[in-house]
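Notes for the structure review
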Amino acid sequence: MNAAAPIVVVDGLGKRFPNRATTKELLRRPLKRNYGVHQVLDGVRFEVRADECFGLLGPNGAGKTTLFKVLSTLILPDAGRATVDGHDVVARPRAVRRALTPVIADERSLNWRLSGRQNLALYGALYGLTRDRVRDETERLLSTVGLKQAREKMVGTYSSGMKQRLLIARALLSRPKVLLLDEPTRSLDPIKSRDFRQFLREEIIARQGCAVLLATHNSEEAFELCDRLAVLNEGRLVAQGTAAELARQVGSDRLRVVVPDSDTESASRVMAAAGGQRIVVTPTDEAGWTALTSAFSGDMADAATLSDQLFKSGVRVAELTRAALPLADLIDRVVRQEPS
């Protein structure tokens, strides 16, 4: 398959589940069998290229986990179609499982009493790999994920970051073309999260040529790692594009200005007159200086206009930069813009 061609195609995917009866409903109507259905996925459409990291965003209950389960062939869709590397998830589930591997961020799925090498050997055998291939792949993957020196240590002694890397190595044993990652850095500290993102970008995507489909609530993962993003809400895909495209779609350019404390009031008036909305004033790490952040509906021209007006008003500006919209705010605004 061409490197730029879509390796995952989701076309009008739909899935619904029967509603669960509450205890009160069961007591009031014990013989009732049908409590209706809940539409978890509703006509979801997107494509993922073989050379990118595609991020899935959305509030809890948006349908991300169900979508992953359909792509992993764990559940069947009720409508639409999905293919992985050209294989239909319903008609050819075995071929799909050879091309796609979900990485479950659950350290309990590792055997803590075995070493890292033994864990990979165990799963290699379960995958049906030959002994020679298991040995070769184990050494290669442990080196790839930076665990070569710790390969004989018990997994119970590994840090959270090391266990996460071992889970990735285990997923790569079958040499998949697509990885599904569900909040892979939620148990990692900021430094390990940064290292893990770099590892995914440079090793898994660039060198291994593996596409990554990532569900996340982490701003840095979404904005730094993902080439494109899609926002799910109540089972519907309500927006997709790059982070910059989504930000422009909701009119969410934000400008941050740092001024002396004595100029704060003047700067706030100028920003408001220039069209700034929701001005937030916060102290900086430097004594005597204040940061003002405001949302603007335009683009870089806003920054140039604001800079000119601040200068003409005599406001002393130490810094004027564009500030990224927090991920939660971006999702919230995209969802609120969706037609009801």
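All of the points below concern the structure found in this document. The structure presented is a predicted model; accordingly, all values stated were derived computationally and were not measured. (Residues numbered from 1 in each chain as written. Predicted model: local features only at pLDDT ≥ 70, side-chain atom pairs only at ≥ 80, totals over all residues. Heavy atoms only, no water.)

Re the sheet that holds strand S9 (residues 228–233)
Pairing is mixed across the open sheet formed by 6 strands, whose spatial order is S6-S7-S8-S3-S9-S10. If you trace the sheet from one side to the other, it starts and ends with strand S6 (100–103) and strand S10 (236–241), each paired once. Direction aside, neighbouring strands of the sheet carry axes that sit 20° apart on average. (Pairing = 2+ DSSP bridges. Helix = DSSP H or I, 4+ residues; strand = E, 2+ residues; numbered from the N terminus. Axes fitted to C-alpha atoms, helices over the stretch in contact; angles between N-to-C directions.)

Focus: the packing of helix H10 (residues 264–273) against helix H11 (residues 300–312)
Put simply, H10 and H11 touch, their axes get as near as 10 Å, and they point 140° apart. Considering their axes alone, H10 and H11 lie oblique with respect to each other. Taken as a pair, H10 and H11 cross one another with a handedness that is right-handed. Taking contact as the criterion, the partners of Ala267, Val270 and Met271 in H10 are, on H11, Leu306, Gln309 and Leu310. When grouped by side-chain class, the residues that make up the contact of H10 with H11 number 5 nonpolar, 1 polar and no charged. (Parallel < 35°, antiparallel > 145°, perpendicular 65-115°, else oblique. Left-handed = near helix turned anticlockwise from the far one by under 90°. Contact = heavy atoms within 4.5 Å. Nonpolar A, V, L, I, M, F, W, Y, C, P; charged D, E, K, R; others polar.)

Some words on the environment of Ile75
For Ile75, the position within the fold is in the loop between helix H2 (64–71) and strand S4 (79–84). On the accessibility criterion, Ile75 (21% relative accessible area) is partly exposed. As a C-alpha pair, Ile75 and Ile104 span 29 residues in sequence and 16 Å in three-dimensional space. With residues near it in sequence (within four places) discarded, Ile75 still touches Lys15, Phe17, Thr66, Lys69 and Val70. (Buried < 20%, exposed > 50% of the residue type's maximum accessible area, 1.4 Å probe, protein only.)

Looking at the nonpolar core
Counting residues in each nonpolar core, the largest one holds 42 residues, and the members touching the most others are Leu166, Ile168, Leu179, Ile204 and Val212. Contact partners of Ile168, with chain neighbours within four places excluded, come to Val103, Leu179, Leu181, Phe196, Phe199, Leu200 and Ile204. Val70, Leu71, Val84 and Leu213 belong to the second-largest nonpolar core, a separate cluster that totals 29 residues. (Core = buried A, V, L, I, M, F, W, Y, C linked by side-chain atoms within 4.5 Å.)

Some remarks on the pattern of salt bridges
Applying the stated criterion across every chain yields a total of 21 salt bridges. Between Arg49 and Glu52 there is a salt bridge; the shortest N-O distance is 3.5 Å. Owing to a relative accessible area of 28%, Arg49 belongs among the partly exposed residues under this scheme. When its relative accessible area of 0% is taken as the criterion, Glu52 is described as buried. (Salt bridge = Lys/Arg side-chain N within 4 Å of Asp/Glu carboxyl O.)

With respect to the pairing of strand S7 (residues 178–182)
Across the 5 residues that make up S7, a large majority, 4, are buried. In terms of strand pairing, S6 meets S7 through 4 bridges, oriented parallel. Looking at the pairing, Pro102 lines up with Leu180 of S7. Note: S7 against strand S8 (residues 211–215), 5 bridges, orientation parallel. Paired with Leu179 across the strands is Val212, a residue of S8.

Remember that the coordinates give geometry; whether it matters functionally is a separate question.
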